[in-house]
Amino acid sequence: MNDLSFRVIPNENDSWEFISKSGSSAEDIKINYKELTTGGSLNLYYELANESEWTFSENGSYFSDAKDNFSYQLNSLVANEGKSLIITISSILPHQALSQELNKLLAENPKKVVSGQLDQRTNYEINFRLIAKKSTDVNSLMRYFSQDPRVIIEDMEPH
């Protein structure tokens with residue numbers, strides 16, 4: 001379960017379509033962190049529809065909220081002449097999340113040194129948007145950002 005593939009159909013003014021090739025939900029991707037091998041990674045493959053006049057732009061992704069990103073690494077790579085995007089989430093360390101209080105303290109005090117205790121929870125929510133441009137607009141700076149196809153890494157064991 002370390003690779004998931006999706007077909008993407010961008011839209012200028014409405015929600016983008018994320019169609020899972022494996023049949024899983026393409027809007028909220030939930031991953032059981034116990035299925036990830038130690039030091040392993042999760043690869044998300046996004047392919048633009050064949051008939052698409054779009055290409056992924058810049059590095060293909062905008063990570064809008066990677067709150068616990070000291071507990072994992074995020075990389076994105078545009079390939080296949082802009083028709084493919086690979087997002088890799090790696091080096092996932094469970095039980096090292098920011099508490100709400102510590103997150104708030106960090107956000108409110110950007111110029112201060114801060115210390116605080118990490119939470120033992122395992123749920124990480126990674127929010128991002130895909131970035132595309134129309135391939136016919138070669139010199140244009142217009143970019144289109146998808147809605148958030150977030151990834152949730154969590155402990156799925158029943159409690």
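In case you missed it, the structure is sitting above this.
Each value, and the rule that gives it
- Residues numbered from 1 in each chain as written.
- Predicted model: local features only at pLDDT ≥ 70, side-chain atom pairs only at ≥ 80, totals over all residues.
- Heavy atoms only, no water.
- Phe/Tyr/Trp six-rings, centres within 6.5 Å; stacked < 30°, edge-to-face > 60°.
- Helix = DSSP H or I, 4+ residues; strand = E, 2+ residues; numbered from the N terminus.
- Buried < 20%, exposed > 50% of the residue type's maximum accessible area, 1.4 Å probe, protein only.
- Core = buried A, V, L, I, M, F, W, Y, C linked by side-chain atoms within 4.5 Å.
- Contact = heavy atoms within 4.5 Å.

Caption draft 1: Structural context of the packing of aromatic side chains. Going through the model one piece at a time under the given rule, you end up with 7 aromatic pairs. When the centroid spacing of 5.3 Å and the interplanar angle of 25° are considered together, the rings of Phe6 and Tyr46 count as stacked. Note that Phe6 is positioned in strand β1 (residues 3–9) and Tyr46 in strand β4 (residues 41–48), a separation of 40 residues in sequence. In this structure Phe6 comes out as buried when scored by relative accessible area, which is 1%. Note on Tyr46: relative accessible area 1%, which makes it buried. Judged by centre distance (6.4 Å) and plane angle (80°), the ring pair of Tyr62 and Phe145 falls under edge-to-face. One end of the pair, Tyr62, is in strand β5 (residues 54–65); the other, Phe145, is in strand β9 (residues 144–145), with 83 residues separating them in the sequence. Using a relative accessible area of 45% as the deciding quantity, one classes Tyr62 as partly exposed. Exposure remark for Phe145: the relative accessible area of 43% places this residue in the partly exposed category.

Caption draft 2: How the structure looks around the nonpolar core. Grouped together as the largest cluster of nonpolar side chains are 29 residues, with contacts concentrated most on Leu44, Tyr46, Ile89, Leu130, Val151 and Ile153. Secondary-structure elements contributing two or more residues to this core are β1, β3 (29–32), β4, β5, β7 (84–90), β8 (124–134) and β10 (151–154). It is β8 that provides the largest number of residues to this core, a total of 5 residues. Setting aside residues up to four positions removed in sequence, Tyr46 forms contacts with Phe6, Val8, Phe18, Ile29, Phe56, Lys83, Ser84, Leu85, Ile87, Phe128, Leu130 and Pro149.

These values are about where atoms sit, not about what they do.
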